[in-house]
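Below, each chain spelled out in residue letters.
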Amino acid sequence: MAKNTHQPPTGTRDVYPLDAARRRFITESWRRASVLHGFEEVDGPTFEHLDLYTVKSGEGIISELFSFTRTGGEKTYALRPEFTPTLARLFAAKAGSLPKPTKWFTLGAFFRAERPQRGRLREFLQWNVDMLGDDSPAADAEVIATCVSLLSSLGLTPADVRVKVNHRYALQQWLVQRGLEVDKHADLFKILDQRGKLPEADFAAALAPFGFNTEQAEIFTKGVVRLTVDDPAHKGPGPSPEVVDLTFFAQAVTPLAQQFTQMGIIDWVDFDLSVVRGLAYYTGMVFEVHEASGAERAIAGGGRYDNLVELFGGPKTPAVGFGMGDVVLALVLQDRGLMPTDAELLDRAGFAPDVFVISNGQPESDEMVRPLCAALRRVGLHARHTYKATKNVGKLLKDAADSGAKFVAIIENAQLATLKDLRSGQQDPAPTPISLVPEMIRQRLGM
RNA sequence: GUGGCCAUAGCUCAAUUGGUUAGAGCACCGGGUUGUGAUCCCGGGGGUUGCGGGUUCGAGUCCCGUUGGCCACCCCA
C-alpha cells in the first residue's frame with residue numbers, strides 16, 4: 001500500500017465486492033420503487049456540452065463542475081452534475097410523441113467539483129424521478145409517494161425521516177401581500193435555508209429586515225407541522241392572529257394534503273415554510289426529505305419546475321421531480337441500523353451462490369466437483385467450489401458459508417452427493433445421485 | 001476556494017525523552033487433528049511508517065512542503 005503512490009482522486013470511492021453489493025442494494029431499491037409506481041427508466045451521457053449547464057445556472061456554475069476540453073479539440077464538455085438538463089433535452093426531442101404524463105426515472109453517477117465532507121462526495125450516485133406534462137397536485141403527490149415508497153422499502157418509518165413540504169409560489173404570493181418586493185425574496189429564502197445553522201435568536205433577527213418580528217419569525221422556526229385550516233376553533237391565547245393567518249398557504253397546500261392522505265403518506269409529511277430549496281427555478285411545491293432529528297444533510301430534494309423544459313428548448317411543459325443521492329441515504333441507513341448485514345447484502349444484491357460444491361476428499365469425489373458445478377450452471381444456477389487445498393470438511397463448509405451460499409453439495413463418491421441447506425442447517429439424511437442434484441436444487445429454490 | 005484535525009501491514013492499533021532488524025490481534029495463504037459452518041496446534045506471505053525534502057551521530061517520532069482522509073465554512077442543481 002505504501003508502495004502504491006496512486007491514490008484515488010479526491011472525493012471518489014473505490015468499490016470492493018461488499019461495496020458493490022451495498023451499492024446494488026440501494027440502486028435496486030431505487031429501481032424497484034420507480035417501477036412499482038409506473039416510472040420508466042431513461043439515461044443519457046455522463047458528460048455533456050458545458051453550455052447545457054450554464055443555460056440554467058449561469059456562468060457561476062462552472063467552478064462547481066468538472067469541465068474539460070479534449071486535447072486538440074475545441075468543444076468544452078462537463079461531467080454531468082445533475083440530470084435535469086439532460087432530461088429536458090430527451091423530453092424536448094420527442095415531446096410530440098410522448099404520452100401525458102411522461103413518467104421517467106434514471107439512476108447513475110454524477111459529478112460535482114466540491115470539497116468533500118460528510119454526506120457529500122465529488123462522484124456519487126443519484127436517483128431522479130420526474131413526471132412531465134401534468135400540473136396537478138396529484139402529480140406532485142405521486143412523485144413524493146414514490147420517494148416515500150423507497151424510504152419505506154428500506155425499513156425507514158415516519159419516525160425516522162420526515163418529508164418537509166412547502167409551496168414556493170404560495171409563499172411568494174403571501175410575501176408580496178405583506179409588502180415584500182419580489183426581488184427581495186431570494187435574500188429571504190437564503191436566510192430561511194440557513195435556519196438550521198443559526199441560533200434561533202440570530203435567525204429571528206435576520207428576518208427582521210423582511211418585516212417579521214420575533215414572534216412572527218416562529219412560524220419559520222417551528223414550521224407548520226400540522227395544518228390547522230379546518231380547525232376554526234383554534235383561537236384562545238397564542239400568537240397574534242397575523243401570525244397564524246396562513247390562509248394563503250392553506251389554499252395552495254390543502255389539495256396537496258388531500259392527495260397525500262389518499263395515497264397514505266400523510267404521516268410522513270410536515271408542511272414547513274422554511275424549506276425553499278436553493279434553486280430559483282422551482283415554481284410551486286418544493287420538498288426535502290430529512291432525517292427526523294435533523295442529523296445529516298437532506299436525503300432527497302425536489303419540487304415543481306413548470307418553466308424548465310421550455311427553457312431548454314422544449315414545449316411549455318409542467319414538470320415535477322426530485323433527486324436522491326446514495327451518500328446521505330447510506331449514512332441514514334447506518335445511523336438507524338438499517339443497513340443489512342454483509343450476508344444479507346450479498347443475498348439481496350443477488351451475489352449469493354445457490355450451491356457450493358465440496359468434496360469429501362476422496363480422489364473420485366474431487367473429480368466430480370467441476371463437472372457438477374458445470375451441470376448446475378447449465379440449468380441456470382449460481383454454483384461455486386473452493387479454491388483451497390484443504391480436505392477438511394469443516395473448513396470447506398466454512399468456505400461455503402462465507403460465500404453466502406444457500407445450499408452445499410458434499411460429493412461422497414463418483415455417483416452420490418449429500419445436500420445441506422446452509423440457511424436452515426438441515427442436511428439430507430441420505431445422499432442424492434449427482435445427476436439429480438441440479439433439478440433437486442431448482443425445486444428447493446422454487447424455480 | 002477558506003480553516004481545523006489526521007496519515008504505521010488488507011483492518012484495528014502498539015513501538016520508552018529521538019536510539020538495534022517497526023510489533024500484536026484479526027484477516028489472508030499453507031500444513032495437521034476431529035466428516036459438518038466450530039475449536040485447537042504449526043508455519044507463511046505481506047511495511048521504503050502516504051510521498052518529497054530538512055534538522056540530527058541517529059527520525060515512525062521533530063520541522064517544512066505535498067497528496068489523500070475526516071470535519072466545518074462557501075455552495076448545494
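Keep in mind that this is a model prediction, so the values were computed, not measured.

Participant: So what's going on with the domain arrangement of chain A? Residues and values would help.
Facilitator: For chain A, the domain assignment lists domain 1 (17-342) and domain 2 (352-444). One C-alpha centre belongs to domain 1, the other to domain 2, and the line joining them spans 50 Å.

Participant: How would you summarise the packing of aromatic side chains if you had to cite specific residues and measurements?
Facilitator: Taken as a whole, this structure holds 13 aromatic pairs when the rule is applied. With 4.8 Å between their ring centres and 40° between their planes, Tyr281 and Tyr282 make a pair best called tilted. Exposure class is identical for Tyr281 and Tyr282. Each is buried. Among the aromatic residues, those joined into a cluster by ring pairs are Trp30, Trp127, Phe287 and Phe322. In this structure, Arg80 is placed above the aromatic ring of Phe110, and the distance from its NZ or CZ to the ring centre is 4.2 Å.

Participant: Pulling in residues and values, what's your account of the pattern of salt bridges?
Facilitator: It is possible for side chains bearing opposite charge to pair when their charged atoms get close. Scanning the model with the defined rule gives 27 salt bridges in all. Across the pair Asp326 and Arg13 runs a salt bridge whose closest N-O atoms are separated by 3.0 Å. Residue Asp326 is found in helix 12 (residues 326-335), and its partner Arg13 is found in the segment before helix 1 (17-36); the two are separated by 313 residues along the sequence. With a closest N to O distance of 3.6 Å, Arg195 and Asp272 form a salt bridge. Linking Arg195 in the loop between helix 6 (182-193) and helix 7 (200-207) with Asp272 in the loop between strand 8 (269-271) and strand 9 (285-291), this pair joins segments that are 77 residues apart in sequence. A relative accessible area of 23% means that Arg195 is categorised as partly exposed.

Participant: Please set out the nonpolar core residue by residue, giving values where relevant.
Facilitator: Looking at soluble globular proteins, one finds that nonpolar side chains tend to be buried together. Formed by 74 residues in total, the largest nonpolar core has its most connected members in Trp127, Leu151, Val165 and Met324. With nine residues, helix 4 (residues 137-153) is the single largest residue contributor to this core. With near-sequence residues (within four places) excluded, Val165 lies in contact with Ile144, Phe249, Leu256, Phe260, Val269, Asp270, Phe271, Asp272, Met285, Val286 and Phe287.

Participant: Tell me what's going on with helix 3 (residues 84-94), and back it up with residues and numbers.
Facilitator: Among the residues making up helix 3, those that are buried are Thr84, Pro85, Thr86, Leu87, Ala88 and Phe91. Against the buried residues of helix 3 lie strand 2 (47-49), helix 2 (51-57), strand 5 (102-111), strand 6 (123-132) and helix 11 (308-311).

Participant: Hey, could you go over the side chain of Gln126 for me, with residue numbers and the actual values?
Facilitator: Along the chain, Gln126 turns up in strand 6. At 3.2 Å, the side chain of Gln126 and the side chain of Asn128 are in polar contact. Among all residues touching Gln126, those that are not within four sequence positions of it are Trp30, Thr106, Leu107, Gly108, Phe110, Arg112, Gly323, Met324 and Gly325.

Participant: Outline the sheet that holds strand 3 (residues 67-69), listing residues and values.
Facilitator: An order of 2-4-3 is seen for the three strands of this open sheet, with the pairing classed as antiparallel. The sheet is open, and its two edges are formed by strand 2 and strand 3, each paired on a single side. Taking each pair of neighbouring strands and ignoring which way they run, the sheet shows an average axis angle of 35°. Summarising the sheet, strand 3 and strand 4 (residues 76-79) pair through three bridges and their orientation is antiparallel. Note on strand 4: the bridge partner recorded for Thr69 is Thr76.

How each quantity is defined
- Residues numbered from 1 in each chain as written.
- Chains lettered and ligands numbered in written order.
- Predicted model: local features only at pLDDT ≥ 70, side-chain atom pairs only at ≥ 80, totals over all residues.
- Heavy atoms only, no water.
- Domains from an automatic or database assignment.
- Phe/Tyr/Trp six-rings, centres within 6.5 Å; stacked < 30°, edge-to-face > 60°.
- Buried < 20%, exposed > 50% of the residue type's maximum accessible area, 1.4 Å probe, protein only.
- Lys NZ or Arg CZ within 6 Å of the ring centre and 35° of its normal.
- Salt bridge = Lys/Arg side-chain N within 4 Å of Asp/Glu carboxyl O.
- Helix = DSSP H or I, 4+ residues; strand = E, 2+ residues; numbered from the N terminus.
- Core = buried A, V, L, I, M, F, W, Y, C linked by side-chain atoms within 4.5 Å.
- Contact = heavy atoms within 4.5 Å.
- Polar contact = N/O pair within 3.5 Å; in protein donor to acceptor, adjacent residues only side chain to side chain.
- Pairing = 2+ DSSP bridges.
- Axes fitted to C-alpha atoms, helices over the stretch in contact; angles between N-to-C directions.

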